[in-house]
Amino acid sequence: MRVLIVSDTHKKHENLITIMEKERPFNRMIHLGDAEGYEDYIAEQAGCPLEIVAGNNDFFSALPREKELTLGKYRVLLTHGHYYYVN
């Protein structure tokens, strides 16, 4: 399984598309926050399952602050670093 992990896209969609094109093919995408309301657009561009959590600039978002999932044999916690005082 190949997973693309991104964060803090902040409406810089041209950068996101460049990375996606460079790293294809991938089977799953993880976005660790600051999609700023463009979750549906990012999911459409990914073309694969997308896991996404809220970042510190995702105001009024219904996205979860954290999400746990299993990737292969690994149990993974997805979150934006500011909840744990990581910059």
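Our structure is the block above this text.
On a predicted model such as this, the values are computed, not experimentally measured, just so you know.

Rules of the game
- In this numbering scheme, every chain counts its residues from 1 along its sequence in written order.
- Owing to the predicted nature of the model, reporting of local features is limited to residues with pLDDT of at least 70; listing and counting of side-chain atom pairs is limited to 80 or more, with chain, interface and lining totals taken over all residues.
- Calculated side-chain values reflect all of the structure's heavy atoms, with hydrogen atoms and water omitted.
- Put simply, DSSP H or I for four residues or longer makes a helix, DSSP E for two residues or longer makes a strand, and each gets a number counted from the N terminus.
- Both definitions apply: the radius of gyration is a C-alpha atom measure, and the globule rule equals 2.2 Å times residues to the power 0.38.
- Think of it in three bands: residues with accessible area under 20% of the maximum for their type are buried, residues over 50% are exposed, and the middle band is partly exposed, with areas taken using a 1.4 Å probe on protein chains only.
- Residue contacts follow a heavy-atom distance rule, with two residues in contact if any of their heavy atoms lie within 4.5 Å.
- A strand pair is defined by DSSP finding two or more bridges across the two strands.
- The angle between two axes is taken between their N-to-C directions and runs from 0 to 180 degrees, where each axis is a line fitted to C-alpha atoms and a helix contributes only its stretch in contact.
- What counts as a salt bridge is simple: a side-chain nitrogen of Lys or Arg found within 4 Å of a carboxyl oxygen of Asp or Glu.

A. Spotlight on the overall build of the protein. Along the protein, the regular secondary structure elements total two helices and five strands. Helices and strands in the protein line up, N terminus first, as β-α-β-α-β-β-β. In terms of overall dimensions, the protein is globule-like: its C-alpha atoms have a radius of gyration of 12 Å, near the 12 Å expected for 87 residues. Projected onto the principal axes, the alpha-carbon positions of the protein cover approximately 35 × 30 × 20 Å. In the protein, buried positions account for 37% of the 87 residues. When contacts within the protein are restricted to residue pairs at least 6 apart in sequence, long-range pairs at least 24 apart make up 43% of them.

B. Geometry of the sheet that holds strand S3 (residues 50–52). Spatially, three strands are ordered S1-S2-S3 in an open sheet, and the strand pairing comes out parallel. The sheet terminates laterally at strand S1 (3–6) and S3, the two strands that pair on one side only. Ignoring which end each strand starts from, the neighbouring axes of this sheet average 15° apart. Summarising the sheet, strand S2 (residues 28–31) and S3 pair through three bridges and their orientation is parallel. The partner of His31 across the bridge, within S3, is Ile52. Here helix H1 (residues 13–23) sits on the sheet in contact with S1 and S2, set at roughly 160° to S1. In the packing of helix H2 (residues 39–46) onto the sheet, contacts are made with S2 and S3, and the angle to S3 comes to roughly 150°.

C. The arrangement of the pattern of salt bridges in detail. Under the counting rule described, the total for this entry stands at five salt bridges. Across the pair Glu23 and Arg2 runs a salt bridge, and its minimum N-O distance is 2.9 Å. You can see Glu23 sitting in helix H1 and its partner Arg2 sitting in the segment before S1, a full 21 residues away along the chain. Note on Glu23: relative accessible area 26%, which makes it partly exposed. You can call Arg2 partly exposed: its relative accessible area is 39%. Here the salt bridges do not stand alone but share partners, grouping Arg28, Glu51 and Lys67 into one network.

Function-wise, these values are silent; they only describe arrangement.
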